[in-house]
Amino acid sequence: MIKLSHVHKWFGKHEVLKDINLEVQEGEKLVIIGPSGSGKSTTVRCMNGLEIPTSGQVFIDGQELTAKNKVHLVRQTTSMVFQQFNLYPHMTVLGNLTLAPVKLHGKTKKEAEELAYHYLDVVGLREKAHVYPSTLSGGQQQRVAIARALCAQTRIILFDEPTSALDPETVQEVLDVMIRLASEKNITMVIVTHEMGFARQVADRVIFMDDGRIIEEGSPAHFFENPTEERTRLFLSKILR
C-alpha cells in the first residue's frame, strides 16, 4: 500500500531523512519508534504529501505521489491523526466528522451523519456528538480525531504520536481505541509512538529510526527480545527501564 524509495529530505542544510527505503503491505500495522529528531514524523508526513521528499519517490497503492495527483490520491487513500487533534473549534463534534464525507466524498448530510454516529460508537463518544471540542478532555478530542479519520473510510490511517499531547490518565483510552482498530484486517496503519507496550501488542512489524535512517526492523518478538543493532539495544534499555 505504501512504498518509499530512496527518500531523502533536507530542511535547509539539515538532512532529516537519509535514503529511506520502506514498504508497507495492505492491512499491515507498522509501528515506527526512535528518539526525538530521528525522522519518524517526517517519514510519515512524506507518506501523505505533507512533506515533499527532496529526492526519491513515494508510492501509494501502486501510484507515485506527485504534485499533480497528490491531493486526489491522498484524499482517496489516506487519513491522518495528528499529535494536536486539529479539530475545528467552531464546529460541533458531529460537524467535524461530517465535513469531509460531504465536502470531499459526495455523501449526503444524512449519510454523513449516519457514518459519524457509527464511528462515534466505535470510539465510545456518541453522547458528545453535539458538543464543541473545547468541552472535551484531551483524550476525548483525540478519540474524536480518530473517528474523523475513520469517517473518510480510507484504507490507510497514519498516526503521528497520537498520545504525546495527552496527560498520562487519558493515554490509555486512546490506545484502547487504536488497539480495537488494529484488529481490522482491511486498514493499513502506520503509527509513530513512544508507547512500547502498545507497539508490542499491535504491531506486525516495528521499525527503529535514528539520525534519519532506518537502523533496524523486525517483528515485535525480535525487536523487544533480541534486537540485532547495538543502537537499538541502547535505546530500548533506556525507554523500557
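Above this text sits the structure in question.
Criteria and thresholds
Residues numbered from 1 in each chain as written. Predicted model: local features only at pLDDT ≥ 70, side-chain atom pairs only at ≥ 80, totals over all residues. Heavy atoms only, no water. Helix = DSSP H or I, 4+ residues; strand = E, 2+ residues; numbered from the N terminus. Expected span 1.5 Å × (residues − 1). Buried < 20%, exposed > 50% of the residue type's maximum accessible area, 1.4 Å probe, protein only. Arc of directions from axis to C-beta. Contact = heavy atoms within 4.5 Å. Polar contact = N/O pair within 3.5 Å; in protein donor to acceptor, adjacent residues only side chain to side chain. Pairing = 2+ DSSP bridges. Axes fitted to C-alpha atoms, helices over the stretch in contact; angles between N-to-C directions. Parallel < 35°, antiparallel > 145°, perpendicular 65-115°, else oblique. Left-handed = near helix turned anticlockwise from the far one by under 90°. Nonpolar A, V, L, I, M, F, W, Y, C, P; charged D, E, K, R; others polar. Phe/Tyr/Trp six-rings, centres within 6.5 Å; stacked < 30°, edge-to-face > 60°.

With that out of the way, let us pick up helix H6 (residues 168-182). Relative to the 21 Å expected for 15 residues at 1.5 Å per residue, H6 spans 22 Å between its end C-alpha atoms, a close match to the ideal helical length. Of the positions making up H6, those classed as buried are Thr-170, Val-171, Val-174, Leu-175, Val-177, Met-178, Leu-181 and Ala-182. Down the axis, H6 shows its buried residues gathered within 155° of arc, on one side only. Its buried side turned inward, H6 meets strand S3 (29-33), helix H5 (138-151), strand S7 (156-160), strand S8 (188-192) and helix H7 (196-202). Regarding H6, its N-cap is Asp-167, as a side-chain oxygen of that residue lies 3.0 Å from the backbone nitrogen of Glu-169 further along.

Take the pairing of strand S1 (residues 2-11) next. Bridging between S1 and strand S2 (residues 14-24) involves seven bridges; their strand directions are antiparallel. Its bridge partner being in S2, Val-7 is matched across the sheet by Ile-20. The antiparallel pairing of S1 with S2 creates a hairpin that spans two residues between the two strands, and Gly-12 there sits at a positive phi of about 65°. In the sheet, S1 pairs with strand S4 (residues 55-60) via five bridges, with the strands oriented antiparallel.

For the rest of this paragraph, the subject is the packing of helix H4 (residues 109-122) against H5. The interhelical angle for the contact between H4 and H5, taken along N-to-C directions, is 135°, at an axis separation of 9 Å. In terms of their interaxial angle, H4 and H5 are classed as oblique. In terms of crossing hand, the pair formed by H4 and H5 is right-handed. The residues of H5 that touch H4, namely those facing Leu-115, Ala-116, Tyr-119 and Val-122, are Ala-147, Leu-150 and Cys-151. When grouped by side-chain class, the residues that make up the contact of H4 with H5 number seven nonpolar, no polar and no charged.

A few words now on unusual backbone geometry. Here the phi dihedral of His-6 falls at roughly 50°; this positive angle occurs in a residue that is not glycine. On the secondary structure map, His-6 appears in strand S1. Owing to a relative accessible area of 46%, His-6 belongs among the partly exposed residues under this scheme. At Asp-211, a residue that is not glycine, the phi angle is positive and equals roughly 55°. You can see Asp-211 is positioned in the loop between strand S9 (205-210) and strand S10 (213-218). You can call Asp-211 partly exposed: its relative accessible area is 41%.

This next bit is on the packing of aromatic side chains. Counted under the stated rule, the structure contains three aromatic pairs. Both rings, one in Phe-208 and one in Phe-223, keep their centres 6.5 Å apart while their planes meet at 55°; by these two values the pair is tilted. In this pair, Phe-208 is assigned in strand S9 and Phe-223 in helix H8 (residues 220-225), connecting sequence segments 15 residues apart. No difference in accessibility class separates Phe-208 from Phe-223, as the two residues are buried. For the ring pair Phe-208 and Phe-235, a centre distance of 5.0 Å and an interplane angle of 40° mean the geometry is tilted. In this pair, Phe-208 sits in strand S9 while Phe-235 sits in helix H9 (residues 230-239), placing the two residues 27 residues apart along the sequence. Take Phe-208 and Phe-235: they sit in the same class, and that class is buried. Put simply, the rings of Phe-208, Phe-223, Phe-224 and Phe-235 touch in pairs and so form one group of aromatic residues.

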